[in-house]
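The lines below spell out each chain.
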Amino acid sequence: MPDKKEDIRIGVFLCHCGSNIAGYLNMEELEEFSKKLPHVTFVQRNLYSCSEGGINEIKKGIKEQNLNRVVVASCTPRTHEPLFRSSCGEAGLNPYLFEMVNIRDQCSWVHMQEKEDGTTKAKDLIRMGVAKAALLEPQEPIMSEVQIRALVIGGGIAGMTATLAFANRGYEVVLVEKEEALGGMLNHLSKLGPTMTDASALAEEKVRAVTGHSKITVFTKAKVTLVQGFIGKYKVDIETESGNKNIDIGVIVVATGGRAFVPEGLYGYDGKRVITQLELEVLLKNGLASAIKNVVMIQCVGSRNEERPYCSRICCQTAVKNAMLIREQNPDAKVSILYRDMQMYGVENEEMFRDSKVKRVRYINYDPANPPEVEPDNVRVYHALLGRDMDLAADLVVLSTPIVAQDDANVVSQLLRVPIDENGFFMEGHVKLKPLDFATSGIFLCGSARFPANIREAVAQGLGAASRASIPLAKGSVVVEPIISVLANEDACRGCGLCVALCPYGALEIQNTEKGRKVHVIDVACKGCGVCAATCYQHALSINSFTDKQIEAQVEAFLN
Amino acid sequence: MLDVGRHPNIELLAYSEVENVEGEAGDFKVTVRRKTRYVEEDKCTGCGACAEKCPTVVPDAFNEGLGDRRAIYSYFAQGIPSTHTIDPDHCRQLNGKKCGICAKTCQAEAINFDKEDRIVELNVGAIIVAAGYDVFDPGRIPEYRYNEIPNVVTAIEFERLLSASGPTGGHMDRPSDRAVVAEIEALEKKVRKSQKALDKLEEKFNEPSAAFYKKFQAGQYQDDEDRQKWADKYAAHLAVIEPLEELKKKAAGFTVAKRLAFIQCVGSRDFRFYPFCSGYCCMHSIKEAMIAHEHEPETTSSIFGMDIRAVGKGFEEYKIRGGNNSNITYVRGRVAEITEGPNNNPIVTYEDTRERKVKSQEFDMVVLATACAPIKGIAALAKTVGVELDKYNFIKTSSLSPVDTTTPGIFVCGCAESPMDVPESVAQASSAAERAAEIAFQPELEKEKAVA
């Protein structure tokens, strides 16, 4: 609460926005109205409050009229609140003693035909803004230092790429891999499409670069067992062969990859005559037996069905590439691919698809309602264009199974307090705009841990995740807006943890204090969304600049 | 956009072109032409008063020519920077005619007709090319008759029709119907004008035009020159009224488009044009069909494609949801031809590959999922910047270095590299930023350089 003795002096600046507001609302009336509101000591209309002239008027008002709260009624806080806040700051007023009222986007623009009603609504909005402004309290931005060290979990191609990117920028990196060797899925593959690069050679090259870099510490046969803290200040426990390590970390990249689904019970899978694409990779790596003359591949085995509705993105390109490799190793082998949709998106994939047709790989579309049948010597499939069943001789049947989430994805998810989606893949902060960030600050993701990715995509995402994660490292500190959750009433908190479970950003934790279990807000992690304060049935939590008192005052002002 | 516009570390040079690049990774000299807007950027507040008053109407490129804008304009309402620009090809003042209304209207005094292009020299460590792509011109495909059938539109045009801030306010008004409505408006304007003239004459002669005209036609007043003119005017008036009434009758039956066809791979996966797959079009067709259905629940959509490539995270699920909840039918087959049937309804002829039949189906509107074409001018830009292109004119990279061009220190992201959707573009932008940062911000490397 503001000091009761403090004389609240509110200045209201009404912006015409050229004619965007003044053309549709009665500004004289709004001016007269604003003058009569409680604590308002100064009212001014400006053609453009955001122009240099308008800003100077606000600063002048603060200084000459001794204003200690400023309300600007104008366009939208989305674009202009930072400008007005910083202008208040420049005039010596705490920037958080500023309140913006939206009388353009939410008033004049939507009530262009209703000047009188629009003006009445603007009055309501201004009255509410002023009521809240009277209760505003000064806030200070929150700053926290960042440990200049990154942790990458997972040493496949995405993780190694991210690790090298950090190191190339001069940052220390810790890379944790659960297997004995780095390389991930690359270690199991023969050649990579569409360039037919040797997977082992690429893995070796990357592993050499990673292990030889002075900024990189690698732990293989290791796992992360505990992560405490928040962006910039994580304490991470790693279980390694040489004992447990506790390392201070600034940012974390999740690059734990995925694994190939094993199609037990599907299409007569036996690992010998009926195998997966991953098993075929091994055969191709060692050289395919020359006796193999007839190969049939079946796409979407275990994916795009009720249990696993997603398309695993990369299996079609894998099949096409492997079909070409079979034709290369056994030139007289016949290869047929039975598919639902050939997912050869983009430039390179479609080109490889065309090439494979030239190289006489055969494609037959099948309907999932009438799937192919694997028989002892052949595969039977209904050929829609011929309108009849076809029997394809098959001494090798290859099932294209999806990449599925790692078995321990949920363990990592719990350790880091980041979400996984319904398919078990890690869930990014925003599907379109933040594909490599988690909603939680300081933790990033890349590669098949996010969703099945080919080599090009895994590399790009590894670089990208490192880029995103490098921002706090480069700045050396995190500064956040102080409009965050605070435990306003510690006594009221019962430590029930409901808010902790609901916080989308991992910004709350329960601590044992002298007064018992109490929630603690990790201020740099909080984004001020308000979920916790709205949920807390004890009203123990409150959001700065959106306190219950302030909002009640607004509601009362509206009902007045 | 807002974040870019507001970030203290970003200097935004919009409406500018790179003219020359010299130097090498870590030390490039870039010459940029800052094209004049004829508007002082630091004074313009983006209020739009000038555009309201500007008398010159120009087709709006942002709305794919489906709406119009003025000769002084901001590219679109939320554009950053919000500064307005005068279109020098259409501005009356800049073309030697008397005008200058915008300058008189602008209270910020931002208009400056004498402002010239400026050349800016930049010294940078690394360069990222993110020049985007162009929409393939489907007029090049004769059998789809894009230029002949008004209700065959491109996906991006349809996008504008779907937009609440677009030219139809989000209603699925068909282009052929919009043309009739526009014609009605033009004729009504004409009628109002001639009615005004007739009103004056009626007042002068104190007689309604219709009554007078009857007499005139019966042979009266044949020697009266003034009345002769009146008769001509009235005849002309009637000549407009009749077709106007006809058109109005026609327009009364207009409804929004409810039967939609989406045709995939228009210009992509086509040896005549672009053999590659454009990657994102299957999803935007599904999305547009779903939004159209949200706007008008009676909408049904057929999506015609060889493969429906819903390969991103959550895409296949989205596709299935579209089929279950938004009346979308996925038809496996390539459309052979589009013709025009009654009521300007396009008719789509295709082979249904599941039923082995050639079929024809009538729709209210057809939406073409056009290919992602390399952007016009990419060859010149590549030459200026000094990078190689692939055989399709995308900027060349390799799968192990997906954002590195053929020149060190110059990187690429987004559809300038190859067709990709939003999440992939966003991810790739971060990748390019990473590679650029490795070169541009390397205290240790610089130290090494200094030592060497």
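Residues numbered from 1 in each chain as written. Chains lettered and ligands numbered in written order. Predicted model: local features only at pLDDT ≥ 70, side-chain atom pairs only at ≥ 80, totals over all residues. Heavy atoms only, no water.

Engineer: Explanation requested: the overall build of chain B in the structure shown.
Structural biologist: Counting its regular elements, chain B contains 12 helices and 19 strands. Referenced to the eigenvectors of the C-alpha coordinate spread, the extents of chain B come out at roughly 105 × 65 × 35 Å. Within chain B, the fraction of its 452 residues that count as buried is 46%. Taking as baseline every contact in chain B between residues at least 6 positions apart, the subset at least 24 positions apart corresponds to 62%. Looking at chain B as shown, the accessible area adds up to about 22600 Å², and 50% of this sits on carbon and sulfur atoms. Charge-centre separation for chain B: the mean point of 58 positive side chains lies 3 Å from the mean point of 70 negative side chains. (Helix = DSSP H or I, 4+ residues; strand = E, 2+ residues; numbered from the N terminus. Buried < 20%, exposed > 50% of the residue type's maximum accessible area, 1.4 Å probe, protein only. Contact = heavy atoms within 4.5 Å. Areas by Shrake-Rupley, 256 points an atom, 1.4 Å probe, with all protein chains shown as cover. Lys, Arg positive; Asp, Glu negative; His and termini not counted. Charge placed at Lys NZ, Arg CZ, Asp CG, Glu CD.)

Engineer: What is the right way to look at helix α6 (residues 209–217) of chain B in this model?
Structural biologist: For the α-helix, the turn length of 3.6 residues means that residues three or four positions removed from each other point alike. Residue and element names in this part refer to chain B. All of the buried residues in α6 are Ser209, Phe212, Tyr213 and Phe216. On an axial view of α6, the arc spanned by its buried residues comes to 100 degrees, and they lie on one face. As for α6, its buried residues are in contact with α5 (175–205) and α7 (225–252). Positive phi shows up at Gly219, right after α6, with a value of about 110 degrees. (Arc of directions from axis to C-beta.)

Engineer: What should I look at first to understand helix α9 (residues 315–329) of chain A in this one?
Structural biologist: Residues and elements named next belong to chain A. The terminal C-alpha atoms of α9, which comprises 15 residues, lie 21 Å apart, in line with the 21 Å expected from a rise of 1.5 Å per residue. With 12 of its 15 residues buried, α9 lies for the most part within the structure. Listed as buried for α9 are Cys315, Cys316, Gln317, Ala319, Val320, Lys321, Asn322, Ala323, Met324, Leu325, Ile326 and Arg327. The elements touched by buried residues of α9 are β8 (191–192), α8 (277–286), β17 (294–298), β18 (334–339), α10 (346–358) and β19 (362–365). (Expected span 1.5 Å × (residues − 1).)

Engineer: Sorry, what's going on with the pairing of strand β14 (residues 335–340) of chain B here?
Structural biologist: For a regular strand, the rule is simple: side chains alternate between the two faces of the sheet. All names here are of chain B. Where β14 and strand β15 (residues 346–352) come together, five bridges link them in antiparallel fashion. Its bridge partner being in β15, Thr339 is matched across the sheet by Ile347. Counting the residues in the hairpin turn of β14 and β15 gives five residues, including Asn343, whose phi is positive at 55 degrees. (Pairing = 2+ DSSP bridges.)

Engineer: Is there a simple way to explain the interface of chain A and chain B in this structure?
Structural biologist: The parts lose accessible area when they come together, and the size of an interface is often stated as this lost area. Between chain A and chain B, the residue contacts involve 67 residues of the former and 54 residues of the latter. Buried surface at the junction of chain A and chain B, both sides included, amounts to about 5000 Å², of which 53% is carbon and sulfur. Ranking the residues of chain A by area buried against chain B places Arg169, Val347 and Arg456 of chain A at the top, with a combined share of 13%. Taken together, chain A and chain B are joined by nine salt bridges. In this structure, Glu424 of chain B engages Arg313 of chain A in a salt bridge whose closest nitrogen and oxygen atoms are separated by 3.4 Å. Connecting chain A to chain B are 27 residue pairs in polar contact (both at pLDDT 80 or more). Secondary-structure elements contributing two or more residues to the side of chain A that touches chain B are α3 (77–90), α6 (157–168), α10 and α12 (455–475) of chain A. (Buried area = accessible area lost by both parts, 1.4 Å probe. Salt bridge = Lys/Arg side-chain N within 4 Å of Asp/Glu carboxyl O. Polar contact = N/O pair within 3.5 Å; in protein donor to acceptor, adjacent residues only side chain to side chain.)

Engineer: When you look at the pattern of salt bridges in this model, what are you seeing that I'm missing?
Structural biologist: As enumerated under the stated definition, the model contains 68 salt bridges over all chains in all. Measuring nitrogen to oxygen at the nearest pair gives 3.1 Å for the salt bridge that ties Asp407 of chain A to Arg259 of chain A. Placement of Asp407 of chain A in the loop between β24 (403–405) and α11 (409–416) and of Arg259 of chain A in strand β15 (residues 258–260) is noted, with a sequence separation of 148 residues between them. Residue classification places Asp407 of chain A among the exposed positions, given a relative accessible area of 59%. A salt bridge links Asp224 of chain B to Arg227 of chain B, with the shortest nitrogen-to-oxygen separation between them at 2.9 Å. On the basis of relative accessibility, which here comes to 15%, the residue Arg227 of chain B falls in the buried class. If you follow the salt bridges from partner to partner, you end up with Glu28, Glu31, Glu32, Lys35 and Arg45 of chain A in one network.

Engineer: What is the right way to read the domain arrangement of chain B from this model?
Structural biologist: The domain boundaries assigned to chain B delineate domain 1 (36–116), domain 2 (135–173 + 256–373), domain 3 (176–252) and domain 4 (375–451). When each unit is reduced to the centre of its C-alpha atoms, the spacing between domain 1 of chain B and domain 3 of chain B is 38 Å. (Domains from an automatic or database assignment.)

Engineer: Help me understand the environment of His430 of chain A in this model?
Structural biologist: Residues and elements named next belong to chain A. Tracing the sequence through the fold places His430 in the loop between α11 and β25 (443–445). The spacing of His430 and Thr440 is 10 residues in sequence and 11 Å in space, taken between C-alpha atoms. For His430, the side chain forms a polar contact with the main-chain nitrogen of Leu433, separated by 2.9 Å.

Engineer: So what exactly am I meant to see when it comes to the nonpolar core here?
Structural biologist: One broad trend across soluble globular proteins is that nonpolar side chains are buried collectively. Counting 100 residues, the largest nonpolar core has Leu151, Phe166 and Ile238 of chain A as the members making the most contacts within it. Counting 41 residues, the second largest nonpolar core, distinct from the first, contains Phe42, Val72, Ala91 and Ala133 of chain A. (Core = buried A, V, L, I, M, F, W, Y, C linked by side-chain atoms within 4.5 Å.)

Engineer: Looking at this structure, how should I read the sheet that holds strand β3 (residues 69–74) of chain A?
Structural biologist: Sheets are built from strands that pair by backbone hydrogen bonding, the pairs being arranged parallel or antiparallel. All names here are of chain A. With parallel pairing, the four strands of this open sheet are ordered in space as β2-β1-β3-β4. The open sheet has two edge strands with one neighbour each: β2 (40–46) and β4 (98–102). Ignoring which end each strand starts from, the neighbouring axes of this sheet average 15 degrees apart. As paired elements, strand β1 (residues 10–15) and β3 share five bridges and run parallel to each other. Along β3, the bridge assignment pairs Phe13 with Val72. (Axes fitted to C-alpha atoms, helices over the stretch in contact; angles between N-to-C directions.)

Engineer: For this particular structure, what's the right way to read the packing of aromatic side chains?
Structural biologist: In this description, an aromatic ring pair is defined by two values, namely the gap between the centres and the angle between the planes. If you walk through the whole model with that rule in mind, you get 25 aromatic pairs over all chains. Through pairs of rings, three or more aromatic residues link up here, namely Phe136, Phe273, Tyr274, Phe276, Tyr392 and Phe394 of chain B. Here the basic side chain of Lys357 of chain A rests over the ring of Phe353 of chain A, its NZ or CZ set 4.1 Å away from the ring centre. (Phe/Tyr/Trp six-rings, centres within 6.5 Å; stacked < 30°, edge-to-face > 60°. Lys NZ or Arg CZ within 6 Å of the ring centre and 35° of its normal.)

Engineer: Mind showing me how you'd approach the sheet that holds strand β2 (residues 27–34) of chain B here?
Structural biologist: All names here are of chain B. Read from one edge of the open sheet, three strands run β1-β2-β7, paired in antiparallel fashion. With partners counted over all chains shown, the strands left at the sheet margins are β1 (16–24) and β7 (118–124), one partner each. Averaged over all pairs of adjacent strands, the angle between their axes in this sheet comes to 20 degrees, without regard to strand direction. Of the pairings in the sheet, the one linking β2 to β7 comprises seven bridges and is antiparallel in character. Paired with Thr31 across the strands is Glu121, a residue of β7.

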